Protein chains: 2
Amino acid sequence: MKLEQLQTPALVADRAILNANMRAMMAMLEGKTLRLRPHYKSNKCAAIAHKQMELGAVGITCAKLEEAEDLIDAGVTDVLIANQVVDPLKIRRLAELAGMCRLTVCVDDGENAEALSKAACEAGTTIHVLVEFEIGMERCGVADPDLYVALARKVSTLQNLVYDGIQAYAGHVSHMASDEERRSYTDENAARLRSLIELLKHNGIEVHTLSGGSTGTSRIKAEQGLYTELQAGSYLFMDSTYRALGNLPFRNSLFLLTTVVSKRGALTILDAGVKSLGVDQNEPIFLTMDGEEIKVDHMAVNEEHCKLFSPDHDLSLGDHVLIVPGHCCSTVNLHDRLYLFENGEVVDRLAITARGKSR
Amino acid sequence: MKLEQLQTPALVADRAILNANMRAMMAMLEGKTLRLRPHYKSNKCAAIAHKQMELGAVGITCAKLEEAEDLIDAGVTDVLIANQVVDPLKIRRLAELAGMCRLTVCVDDGENAEALSKAACEAGTTIHVLVEFEIGMERCGVADPDLYVALARKVSTLQNLVYDGIQAYAGHVSHMASDEERRSYTDENAARLRSLIELLKHNGIEVHTLSGGSTGTSRIKAEQGLYTELQAGSYLFMDSTYRALGNLPFRNSLFLLTTVVSKRGALTILDAGVKSLGVDQNEPIFLTMDGEEIKVDHMAVNEEHCKLFSPDHDLSLGDHVLIVPGHCCSTVNLHDRLYLFENGEVVDRLAITARGKSR
């Protein structure tokens, strides 16, 4: 079956590039102390998580309990929920799941840690814990080093919890345009983390794991040698946002295949909009089926349409256009299926098993 | 079961307000020539489409062939696809579906009309057609009145097609802030449409149907008496964008139920982001469980988190927050289930049967 024979809009990935991206990541980490714990939020396909494990990932990172359930249900043996879980029912479920795999969760609150400990005791399981350190993203985590030490100590003493180390995710650094800027922020954060680790040691608390990082800071973190785990996810697919950074060894493998459904002069209308394309980051990029970029004067993404004003380009009704999404993670979450293609032929279809699993 | 016992994030709707919105729409149209053909894109629940038909809708509007299939599969008898369908396989499927209900599709191209006619002949069915007129939104449709007449004539003469009239959707008017502005644009468009209808009549082509409009222009169109069908969809749920207009007889019924998962000073983190909340229009609004608006200094919607900086508000870990989405249509499309509640109790759960059906 040819790629153009798929009903559109269809989420498709170039299998050769996808595989090359996976290999490039493992090559980047070779000989380093940094291990890959790729983030499930970007692909949400159990089949891809297994492939990442085969290639040497130490485990999988995910954002939500439902994603962890999906991974565990698919036989993944080491899962980190890189977020806080506070709902009582969710905590009970998490404690049960901890009996099915090595399960780690993030904590930034003492009462939450107590609730996790209680549930783990009741379930007769062990929950691994990373206490989250707020590293400038202004989101979850403990920002004050002394409060951090107090919480880490508390976690260490609570029954059926194991304090493994630090979660520190600086997502805001990942998309900084210049490599120098990303490097300088990452160095700054590393200094804060080193003194935190020192303070913890001084208090008799050992840090086995320092987990975080993203595609944007992967090379810097690999060279730096401080983090033990890298949570990159987008390196598989890339998107127009990461493409703009330009200095990563990963190429765009993910596209939305669309059809021209209306044409009037320089205006071209495609059959895909925000219901099949994540629009929470950069604008998408439009390519012909030959991979040539379609220069657009301006564009808009409506609910079920993209509007391209492209006076220089001659697109016809029924033509296909490949869209490089602005954000791969939010785009994947809109689809149930990911088609893999090679040399213009559809070669596989993966179920996006964790699509919509945000609970 | 109490609303707060739902696992979050959960999409919920106040049943009493939802029902009141449906009644308010029928009351607005009572005694007018404008009939309701509500848009499925906003709710994507077969159960709601049936309720709308029961209350007097003449049929349902949808955006995509897959949505039409969902409606027809659920026994809806009169469906308009308010878009162009150009893919050959889709056209064949559309021609088959036209044998299962009264099915109408939009056309803005002569060759596309020919392909539809050929498929309908082969399937032995009749496809109803609205030729789309471009009314200022700069999207699909024929913009030139003479070209419009030529295409309408062509459709009229093609076998197994019936020219029913005009699709004219001015979506850009729907969200204009002032009632006067919406009224003035709607009047301007009406003048263009009246002269088009005149020109068609002069050429012996009768216009039975003039379909279009939205929640934002519903009252104006009802009073104007020119359109025969109103394609409003958001009136069921409303959102922060429509709420800002302030002069519609509809109230917010749709909310995303979320939980506070992290708290640090004035910063509150909720467990829902762009993967469960449409962010293609206005910012969301945050409410306590009592419906009181939470004043925020600033906010951000990340992938799986909302960050609220709200120094004046005392939210605690585990508290629930109701979010009024910025855009109801793109939010609904992220969920598989819509919970209905009344007086704080969950009273029903509707399947969002057309979630993700963008093909």
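You'll find the structure just up there.
Residues numbered from 1 in each chain as written. Chains lettered and ligands numbered in written order. Predicted model: local features only at pLDDT ≥ 70, side-chain atom pairs only at ≥ 80, totals over all residues. Heavy atoms only, no water.

## A closer look at the sheet that holds strand β2 (residues 35-36) of chain A
Residues and elements named next belong to chain A. Reading across the sheet, the 8 strands line up as β2-β9-β8-β7-β6-β5-β4-β3 and stay open at both edges, with parallel pairing between neighbours. Edge strands, defined here as strands with exactly one partner in the open sheet, are β2 and β3 (60-62). Sheet topology note: the strand β6 (residues 127-132)/strand β7 (residues 161-167) ladder contains 6 bridges and is parallel. Bridging from a neighbouring strand, leucine 130 pairs with glycine 165 of β7. (Pairing = 2+ DSSP bridges. Helix = DSSP H or I, 4+ residues; strand = E, 2+ residues; numbered from the N terminus.)

## Topic: the interface of chain A and chain B
The interface of chain A with chain B comprises 57 residues on the first partner and 57 residues on the second. Of the roughly 4,700 Å² buried between chain A and chain B on both sides combined, carbon and sulfur atoms contribute 47%. Per-residue buried area on chain A facing chain B is highest for Gln7(A), Arg139(A) and Arg359(A); these three make up 15% of the total on that side. Across the contact surface, chain A and chain B share 10 salt bridges. The residue Glu304(B) makes a salt bridge to Lys64(A) at a minimum N-O spacing of 3.3 Å. Taken together, chain A and chain B are joined by 38 residue pairs in polar contact (both at pLDDT 80 or more). Taken together, the elements giving at least two residues each to the side of chain A that touches chain B come down to α4 (88-97), β10 (254-264), β11 (267-270), β14 (306-309), α11 (328-332) and β16 (337-342) of chain A. At 5 residues, the largest contribution of residues to the side of chain A that touches chain B is made by β10(A). (Contact = heavy atoms within 4.5 Å. Buried area = accessible area lost by both parts, 1.4 Å probe. Salt bridge = Lys/Arg side-chain N within 4 Å of Asp/Glu carboxyl O. Polar contact = N/O pair within 3.5 Å; in protein donor to acceptor, adjacent residues only side chain to side chain.)

## Comments concerning the packing of aromatic side chains
Residues and elements named next belong to chain A. By the definition in use, this model includes 6 aromatic pairs over all chains. When the ring of phenylalanine 133 is compared with that of tyrosine 148, the centres are 5.7 Å apart and the planes differ by 90°; the resulting orientation is edge-to-face. Of this pair, phenylalanine 133 sits in the loop between β6 and α6 (145-157) while tyrosine 148 sits in helix α6; the two residues are 15 residues apart in sequence, bridging distant segments of the chain. The same class applies to phenylalanine 133 and to tyrosine 148, which are both buried. Its guanidinium or amino end placed over the ring of tyrosine 227, lysine 221 lies 4.5 Å from that ring's centre, counting from NZ or CZ. (Phe/Tyr/Trp six-rings, centres within 6.5 Å; stacked < 30°, edge-to-face > 60°. Buried < 20%, exposed > 50% of the residue type's maximum accessible area, 1.4 Å probe, protein only. Lys NZ or Arg CZ within 6 Å of the ring centre and 35° of its normal.)

## Let's talk about the environment of Pro311(B)
Residue and element names in this part refer to chain B. Its location among the elements puts proline 311 in the loop between β14 (306-309) and β15 (320-324). Sequence separation of proline 311 and aspartate 297 is 14 residues, and the distance between their C-alpha atoms is 7.5 Å. Non-local contacts of proline 311, meaning those with residues more than four positions away in its chain, are made with Ala266 and Asp297.

## Remarks on α6(A)
All names here are of chain A. Look at α6: 18 Å from first C-alpha to last across 13 residues, which is about the 18 Å you get at 1.5 Å a residue. Every buried residue belonging to α6 is among Tyr148, Val149, Leu151, Ala152 and Val155, and all of these are buried. Each buried residue of α6 sits inside an arc of 165° when the element is viewed along its axis, so together they form one side. Residues of α6 that are exposed and point over 90 degrees away from its buried face: Asp146, Leu147 and Thr157. (Expected span 1.5 Å × (residues − 1). Arc of directions from axis to C-beta.)

## Structural notes on helix α1 (residues 15-29) of chain A
Residues and elements named next belong to chain A. In this model α1 runs 22 Å from its N-terminal to its C-terminal C-alpha over 15 residues, within 8% of the 21 Å that 1.5 Å per residue would give. Near the N-terminus of α1, the side chain that reaches the backbone nitrogen of alanine 16, with its oxygen 3.1 Å away, is that of aspartate 14. Backbone geometry just after α1 places glycine 31 at a positive phi near 80°.

## Thoughts on the relation of the copies chain A and chain B
If you rotate chain A by 180° and push it 0.0 Å along the axis, it lands on chain B with an RMSD of 0.0 Å. Those values place the two copies in the arrangement expected of a two-fold rotation axis. Taking C-alpha positions as reference, the residue of chain A nearest the rotation axis is Leu334(A), located at 3.4 Å. (Least-squares fit on C-alpha atoms with pLDDT ≥ 70 in both.)

## Describing the pairing of β14(B)
If a strand is regular, its side chains alternate between the two faces of the sheet. Residue and element names in this part refer to chain B. Side chains Cys306 and Leu308 project from β14 onto one buried face, and the interleaved Lys307 and Phe309 project onto a second face that is buried too. Both strand β11 (residues 267-270) and β14 contribute to a ladder of 4 bridges, which runs antiparallel. In the sheet register, leucine 267 faces β14, and the bridge partner there is phenylalanine 309. Relative to β14, strand β13 (residues 298-301) runs antiparallel, the two sharing 4 bridges. Among the inter-strand pairings, valine 301 is bridged to a residue of β14, identified as cysteine 306. Hairpin connection from β13 to β14: 4 residues lie between these consecutive antiparallel strands.

## Things to note about the side chain of Ser174(B)
Residue and element names in this part refer to chain B. Inspection of the secondary structure puts serine 174 in helix α7 (residues 171-174). There is a polar contact of 3.4 Å between the side chain of serine 174 and the backbone nitrogen of glycine 216. A distance of 2.5 Å separates the side chain of serine 174 from the side chain of tyrosine 242, its partner in a polar contact. Beyond its immediate sequence surroundings of up to four residues, serine 174 is in contact with Arg182, Ser214, Thr215, Gly216, Thr217, Tyr242 and Leu245.

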